[in-house]
Amino acid sequence: MKHILAIETSCDETAASVVGFDDKKVIILSNIVSSQIDIHKKYGGVVPEVASRAHLETISLVIKEALINAKVNLKQIDYFAVTYEPGLIGSLLIGIQTAKTLAWAMNKPLIKVNHLDGHFYSALIQNDKIVYPILNTKYPILSLLVSGGHTQLMLAKSPTNIKIIGQTQDDAAGEAFDKASQILGLGYPGGPAISAAAEIASCCHSREGGNLYYSDSILDPRVKPEDDKIFDYSLPITDYQLPIPMIDSNDLNFSYSGLKTALLYKYQNLSKTLPLQSLNTLIPLLAYNFQDSLVKSLVLKVIKAAKKYQPKTITLVGGVAANKYLREELKSATQSLNPSIPLLVPDQKFCTDNAAMIAVAAIIKLKNK
Ligand code: KG4
Ligand code: ZN
């Protein structure tokens, strides 16, 4: 079995992974991710200079841990791989220089990988193992890539023929989650925060009679309410609904800046009319409606693209693919469209940035010369 060591530092995760492979299978032997979330939290987003310095501090440790966990030493590595674009230049440089140095010192080839190709192939990672699925995966593949920096629909006719068929006109989906979370005061990163708040709303509000029935105990959206404290705010549900972006557009593009502004105006208007306590109780519902509109717009375009291009496989990848509601909604939409088209979605830990996906993309590059 050959071994590849991959490094990923394009944004705020320092990651290294060792992957073993032969002609029949690919196995993730280790996948180490050191997240900088706690460092950037206080700024409400990633600070590039701070990110580069944090990568510099942790990269050697992360690589060492990846080797130890894989029970492989540096001499057993046959190939090195590294993310070379797109990303924050200072952050990328730390990974690239480290990988170049290792490849040069060990006299082994270095494979450069585009970060988006990494996300694209992450869909093939199932249960920490890949039983060389590239052989089983049927083309064309329709892929929805949703991350902090990108939102695009891709159509792959083969591993070497991947075309972008739709993309965001402004904010990326992950960026929209992060901004919405900031508006609602839910913190960074926004995706997990909005989704946690939305889950509270979905479990305790009902839309009977067009009115909102809601628990008064949700002062902190992260705290689960007691079910027996439901009462009627008697507020029409439409007061909190948000538009579904690009619902009538004929193309396969996305747009999220309008949705973000709609949320901001709704929140500002409510804060003028409601006391703070009531406003706080509505945050989960606003988070729910924001997530609902964003997810519906994504699902809508995937289905539109699937009808047009008749893919044999559909995949959902990127940090936002970790979103439970999106995973469920897309699953049910693709099932109703055609239950024989498989929907591949990686484990949540392979949705957000990681180096295992970079290794997999590098192996596919190798196989395709
Ligand atoms: O792929 P990723 O780790 O980094 C980029 O390449 O951008 O994606 C990060 C993005 C962030 O915007 C984060 O808020 C979002 O993915 N995200 C989520 C969830 N987990 C992470 N968005 C929605 N729901 C989640 N559960
Ligand atoms: Zn990414």
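Remember, it's a predicted structure, so these values are computed and weren't measured experimentally.

1. Focus on helix 4 (residues 115–122)
For helix 4, the buried fraction is high: 7 of the 8 residues fall into the buried class. Every buried residue of helix 4 is accounted for by His-115, Leu-116, Gly-118, His-119, Phe-120, Tyr-121 and Ser-122. Taking the backbone nitrogen of Leu-116 as reference, a side-chain oxygen 2.8 Å away marks Asn-114 as the first, capping residue of helix 4.

2. Notes on the confidence of the model for the protein chain
When pLDDT is averaged along the protein chain, the result is 88; 88% of the residues meet or exceed 70. Below a pLDDT of 50 lies the segment residues 205–234, which in the model reaches 77 contacts outside its immediate sequence neighbourhood of four places, other chains included.

3. A word on the sheet that holds strand 1 (residues 2–8)
Reading across from one edge, 5-4-1-2-3-6 is the order of the 6 strands in this open sheet, with mixed pairing throughout. Of all strands in the sheet, those bounded by a partner on one side alone are strand 5 (110–114) and strand 6 (129–130). Pairing between strand 3 (residues 26–35) and strand 6: 2 bridges, direction antiparallel. By the bridge assignment for strand 6, Val-26 is matched with Ile-130.

4. Side note on the packing of helix 5 (residues 173–183) against helix 7 (residues 257–273)
The description of two helices packed together rests on the angle between their axes and the distance between the axes. Look at helix 5 against helix 7: their axes get within 10 Å of each other, and the N-to-C directions meet at 10°. It follows that helix 5 is roughly parallel to helix 7 by the angle criterion. Across the interface between the two elements, Lys-179, Ala-180 and Ile-183 of helix 5 pack against Lys-260, Leu-263, Leu-264 and Tyr-267 of helix 7. A class-by-class count of the residues in the contact of helix 5 with helix 7 yields 5 nonpolar, no polar and 2 charged.

5. Some thoughts on the pattern of salt bridges
Any two side chains of opposite charge can pair, given that their charged atoms come close. All chains considered together, the criterion is met by 11 salt bridges. Through salt bridges with shared partners, a single network forms among Asp-171, Glu-175, Lys-179 and Lys-260.

6. Overview of the coordination of the zinc ion (ligand 2)
Think of it this way: four donors in a tetrahedron around the metal ideally sit 109.5 degrees apart, and six in an octahedron ideally sit 90 or 180 degrees apart. Protein-derived coordination of the zinc ion (ligand 2) comes from His-115 (NE2), His-119 (NE2) and Asp-353 (OD), at a distance range of 2.0 to 2.1 Å. Around the zinc ion (ligand 2) sit 4 donor atoms, and with donor-metal-donor angles ranging over 95 to 140° the site reads as irregular. Here the donor residues of the zinc ion (ligand 2) share one chain and are spaced in sequence as H-x3-H-x233-D. Of the two residues, His-115 and His-119 both sit in helix 4, 4 residues apart, roughly one turn of that helix. Accessibility assignment for this pair places His-115 and His-119 in one class, buried.

7. Some thoughts on the packing of aromatic side chains
For any pair of aromatic rings, the description consists of the separation of the ring centres together with the inter-plane angle of the planes. Enumeration over the complete set of coordinates arrives at 4 aromatic pairs. For the ring pair Phe-21 and Tyr-79, a centre distance of 6.2 Å and an interplane angle of 40° mean the geometry is tilted. On the criterion of sequence distance, the pair formed by Phe-21 in strand 2 (residues 13–21) and Tyr-79 in strand 4 (residues 79–85) is long-range, its members being 58 residues apart. In this structure, Phe-21 and Tyr-79 share a single accessibility class: buried. With a centroid separation of 6.3 Å and 45° between ring planes, the pair formed by Tyr-288 and Tyr-325 is classed as tilted. Of this pair, Tyr-288 sits in helix 8 (residues 276–309) while Tyr-325 sits in helix 9 (residues 324–337), and the two are 37 residues apart along the sequence.

8. Topic: unusual backbone geometry
With an omega of -15°, the peptide bond between Glu-85 and Pro-86 qualifies as cis. Tracing the backbone shows Pro-86 in the loop between strand 4 and helix 3 (89–106). The linkage connecting Tyr-139 with the following residue, Pro-140, adopts the cis geometry, with an omega of 0°. Structurally, the position occupied by Pro-140 is in the loop between strand 6 and strand 7 (141–146). Unlike most non-glycine residues, Asn-107 shows phi in positive territory, near 55°.

Thresholds, definitions, all that
Residues numbered from 1 in each chain as written. Chains lettered and ligands numbered in written order. Predicted model: local features only at pLDDT ≥ 70, side-chain atom pairs only at ≥ 80, totals over all residues. Heavy atoms only, no water. Buried < 20%, exposed > 50% of the residue type's maximum accessible area, 1.4 Å probe, protein only. Helix = DSSP H or I, 4+ residues; strand = E, 2+ residues; numbered from the N terminus. Polar contact = N/O pair within 3.5 Å; in protein donor to acceptor, adjacent residues only side chain to side chain. pLDDT = per-residue confidence, 0-100. Contact = heavy atoms within 4.5 Å. Pairing = 2+ DSSP bridges. Axes fitted to C-alpha atoms, helices over the stretch in contact; angles between N-to-C directions. Parallel < 35°, antiparallel > 145°, perpendicular 65-115°, else oblique. Nonpolar A, V, L, I, M, F, W, Y, C, P; charged D, E, K, R; others polar. Salt bridge = Lys/Arg side-chain N within 4 Å of Asp/Glu carboxyl O. Donors = N, O, S within 2.8 Å, 3.2 Å for Na, K, Ca; no water. Tetrahedral: all angles 85-135°; square planar, octahedral: opposite > 155°, others 65-115°. Phe/Tyr/Trp six-rings, centres within 6.5 Å; stacked < 30°, edge-to-face > 60°.

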